[in-house]
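Reading the structure
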Amino acid sequence: MARNKETLLLLLDVGPSMHDVLPEVEKVCSLLVEKKLIYHKFDEVGLILFGTEDTKNELTREVGGYEHVVVLRDTKVVDGDLVETLQHLPRGTFNGDFLDAIIVGMDILIKRFGKTDKKRKRLCLITNAICPIKDPFQGTKEDQIITIGEQMVQHGMGMESIVVRGRISENANKRVMDENDILLNIFSKTTCAKLVYVESPISLFGALRTRNISPVTIFRGDLEISSKMKIKVWVYKKTSEEKFPTLKKYSDKAPATDKFATHEVKVDYEYKNVEGPSRVVPPEERIKGYRYGPQVVPIAPSEWDAVKFKPEKSVKLLGFTDSSNIMRHYYMKDANVFIADPGNTRAVLAVSALARAMKEKNKVALVRCVWRNGQGNVVVGVLTPNVSEKDNIPDSFYFNVLPFAEDVREFQFPSFNNLPASWQPNEQQQEAADNLVKMLDLAPPGKEEALQPEFIPNPLLERFYRLLELKSKQPDAAVPPLDETLKKITEPDPELLSQNKSVIDAFRRIFELKEKPKLKKSNRRFLRENPSGSNKEEGYGDISAQVLDSIGNTSAVKVEKIGDLTPVQDFDTMMSRRDGPEWVGKAIKDMKHKIFDLVEDSHEGDNYPKAMECLVALRKGCILEQEPKHFNDFLHHLCNFCREKDLDSFCEFLASKELTLISKTEAIDSEVSDDEARSFLVKLEPKTENLSG
């Protein structure tokens, strides 16, 4: 018997009002069975249709009623025939009564399993719930729903209800819809039922749980608030990335007549010595080696164990902080959920009290987690209170991993305010850009969000499963075109674009759009910020533009030194090289020498503009590589050199172009403040004034 084996009954509404969405229902239900064939091949699935012209179920024969409900397939192990059946569902001619279908499905499960069988049993209802259901012989419809719900709980059944509304026809009865919604809500409150409303085929794909994953705790133990206060908690995975299934190697070497061939491929590895290739080295004579430069350092497992960090299993509170201090983009990896030990009433009360107090004070908790003994890494994360709105669901915490300092990458971006006025948008351009962004809103007021994350399947995986099912029938079949529903996920919405054509055209008219030419390989993106922080356009702005042009046209040729003709381009190319760690340092060093040579060999300042271009390029490179000290020390040294060599005219030239030191605002590793960077130019002026006097 397979572990976690599930029996699932699909209850599908095929009445006339569902005909428009039945193609999507066929796709999502067949996909569900395809996934079960891969992940849960021992699961059992049955199929019940309601709204059909025919009637075929045991309850009709036994007690009468339950018309237009057909048991198309009784519960049995999933197979390819069921996929075929689901891909070609019959269209019904009568309005479907979803309550009749639920009772027929329950009857099948009760007769087969009874009350004592604890196997997982689930009903999955897909309908639009716009057709009326029959009145019961006794009592009200609400009483009937409550009775059915009690029976479901007693027999350990779960239910999933997916209500597909979409663009409801004008003939739909609002009163009937509201009544059906109330009845389905009673199901969700009195049983282990999940109720989901969807309005589009895309949402339908994500609403039906096509792969059933049993929750497994990753931690059971104490949440240590202090040395004297501990709460028993369980920790589960809340979200996890769904990955491609593991594909095994298949051998076709077995004879076609061998019915018992497994076609498995087993891989064995042999280790041999270079000096004696004929002898196989046994495991006890092998040891792992780790590269350290050109050498290989052997480290035995015993040595690893001796130095390995082995923390004890625990979850400890570090403290509390305002929720505003923890940004959403700090979250790393998957999310977990902390719940109180289900069998511990005091723990449930303690977790609830703590969560509600944190919610009231707008606080979150920082915790240090070691999920199991000997775990190699310690996790520090944040607990966010999750206060439940339902009486039968206890309060809990969401847990997200936070980064350590080494995990954070600080990217410094220039401010638009530092750009020249000619580069900044005018009011018309700003308005056109605002309208374009508003047009792309996926959740406009009064409408359902277009791509809800919880209802959006992975299009890559969906297409893979469909291709896998096709290949199982036709091994030589070509890859089919992308499904229309998946296209709506991966491509822009044509309806949205057509409705907002005027906004797009206005944006095109106001902005000059040019096709970006394909450049040769370049691994750098350079900052387009005035290095001095000045907004002035004259002088220095021209040099900056020239440098940017030279950066954009950098070729992929490997340059090993800075030449005389194109020093800026050579410097940029050397800084871009990633075939060795030495090139950045060599490029900075060579550019310093080049600037010294240009200044020293200058005649009446003829080399000053070229030296300034090199200095600007060096400054940008040091900002990008987070080497501000190299540039700042060099600029101090260059100015002292000019004073010693009576080249004060170059210092005046520097002051006129407002080239400053690299400050902390531009590079976080800089030791120079913004005021110190600005005062650097002031220090040059007294000497210049004395000479002119």
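How each quantity is defined
- Residues numbered from 1 in each chain as written.
- Predicted model: local features only at pLDDT ≥ 70, side-chain atom pairs only at ≥ 80, totals over all residues.
- Heavy atoms only, no water.
- Salt bridge = Lys/Arg side-chain N within 4 Å of Asp/Glu carboxyl O.
- Helix = DSSP H or I, 4+ residues; strand = E, 2+ residues; numbered from the N terminus.
- Buried < 20%, exposed > 50% of the residue type's maximum accessible area, 1.4 Å probe, protein only.
- Phe/Tyr/Trp six-rings, centres within 6.5 Å; stacked < 30°, edge-to-face > 60°.
- Core = buried A, V, L, I, M, F, W, Y, C linked by side-chain atoms within 4.5 Å.
- Contact = heavy atoms within 4.5 Å.
- Patch = residues over 30% accessible without salt bridge, like charges linked within 9 Å, V, L, I, M, F, W, Y side chains within 5 Å.
- Areas by Shrake-Rupley, 256 points an atom, 1.4 Å probe, with all protein chains shown as cover.
- Axes fitted to C-alpha atoms, helices over the stretch in contact; angles between N-to-C directions.
- Parallel < 35°, antiparallel > 145°, perpendicular 65-115°, else oblique.
- Left-handed = near helix turned anticlockwise from the far one by under 90°.
- Nonpolar A, V, L, I, M, F, W, Y, C, P; charged D, E, K, R; others polar.
- Pairing = 2+ DSSP bridges.
- Expected span 1.5 Å × (residues − 1).

What follows deals with the pattern of salt bridges. This structure, assessed with the given rule, holds 35 salt bridges. Here lysine 27 ties to glutamate 24 by a salt bridge, and the two come within 3.8 Å at their closest N and O atoms. A residue pair is termed a helical-turn pair when its members lie 3 or 4 positions apart in one helix, as lysine 27 and glutamate 24 do in helix α1 (residues 22–39) at three residues. With a relative accessible area of 14%, glutamate 24 lands in the buried category. With a shortest N-O distance of 3.2 Å, aspartate 97 and lysine 134 are connected by a salt bridge. Placement of aspartate 97 in the loop between α3 (80–87) and α4 (98–113) and of lysine 134 in the loop between β4 (120–127) and α5 (141–154) is noted, with a sequence separation of 37 residues between them.

With that out of the way, let us pick up unusual backbone geometry. With a phi close to 60 degrees, histidine 263 is a non-glycine residue in the positive phi region. By the secondary structure assignment, histidine 263 is in the loop between β8 (230–237) and β9 (289–292). Even without glycine at this site, asparagine 362 takes up a positive phi of about 60 degrees. By the element assignment, asparagine 362 lies in the loop between α9 (345–361) and β13 (363–370). Residue classification places asparagine 362 among the partly exposed residues on the basis of a relative accessible area of 48%.

What follows covers the packing of aromatic side chains. Using the criterion set out here, one finds 14 aromatic pairs in the structure. The interplanar angle of 80 degrees and the centroid separation of 5.0 Å between the aromatic rings of phenylalanine 596 and phenylalanine 641 together place this pair among those described as edge-to-face. Here phenylalanine 596, found in helix α17 (residues 582–600), pairs with phenylalanine 641, found in helix α19 (residues 628–644); they are 45 residues apart in sequence, far enough to count as distant. Judged by its relative accessible area of 14%, phenylalanine 641 is buried. Taken together, the aromatic side chains of Tyr39, Phe244, Phe464 and Tyr465 make up a single cluster linked through ring pairs.

A few words now on the nonpolar core. Across soluble globular proteins, you tend to see nonpolar side chains buried next to one another. In terms of nonpolar packing, the biggest core is built from 44 residues, with Phe571, Ile595, Leu615, Leu618 and Phe650 touching the most fellow members. Listing elements by their share of this core, those giving two or more residues are α16 (567–576), α17, α18 (608–624), α19, α20 (648–657) and α21 (674–692). With ten residues, the top contributor of residues to this core is α18. When residues no more than four places from it in sequence are discounted, the contact partners of isoleucine 595 are Ala611, Cys614, Leu615, Leu618, Phe634 and Leu638. Ile102, Ile108, Met152 and Ile186 belong to the second largest nonpolar core, which has 33 residues in total.

Moving on, we get to a nonpolar patch on the surface. A contiguous nonpolar surface patch, about 450 Å² in accessible area, is contributed by Val265, Val267, Tyr269 and Tyr271. Take tyrosine 271: it is sitting in the loop between β8 and β9.

Turning next to the packing of α4 against α5. Relative to each other, α4 and α5 sit at 25 degrees, their axes nearing to 12 Å. With respect to α5, the axis of α4 lies roughly parallel. Crossing geometry of α4 relative to α5 is assigned as left-handed. From α4, Leu99, Ile102, Ile103 and Met106 reach across to α5, where they touch Gln144, Ile145, Ile148, Gln151 and Met152. Residues of the contact of α4 with α5, tallied by class, amount to seven nonpolar, two polar and no charged.

Here we take up the sheet that holds strand β3 (residues 69–77). Strand pairing in a sheet relies on backbone hydrogen bonds, with the paired strands running either antiparallel or parallel. Judged by pairing direction, the sheet is mixed, and its six strands sit side by side in the order β3-β2-β1-β4-β5-β6 without closing on themselves. Two strands lie at the open edges of the sheet, namely β3 and β6 (192–198), each paired on one side alone. Between one strand axis and the next, the sheet turns by 10 degrees as a mean value, whatever way the strands run. The pairing of strand β1 (residues 6–13) with β4 spans seven bridges and is parallel. By the bridge assignment for β4, leucine 11 is matched with leucine 125. With respect to the sheet, α3 is in contact with β1, β2 (44–50) and β3, its orientation differing from that of β2 by roughly 20 degrees.

Before going further, it helps to examine helix α6 (residues 174–190). An α-helical segment advances 3.6 residues per turn. Residues three or four places apart therefore align on the same side. Spanning 17 residues, α6 covers 25 Å between terminal C-alpha atoms, matching the ideal 24 Å at 1.5 Å per step. Those residues of α6 lying buried are Val176, Met177, Asn180, Asp181, Leu183, Leu184, Ile186, Phe187 and Ser188. Along its buried surface, α6 packs onto α4, β4, α5, β5 (157–164) and β6.

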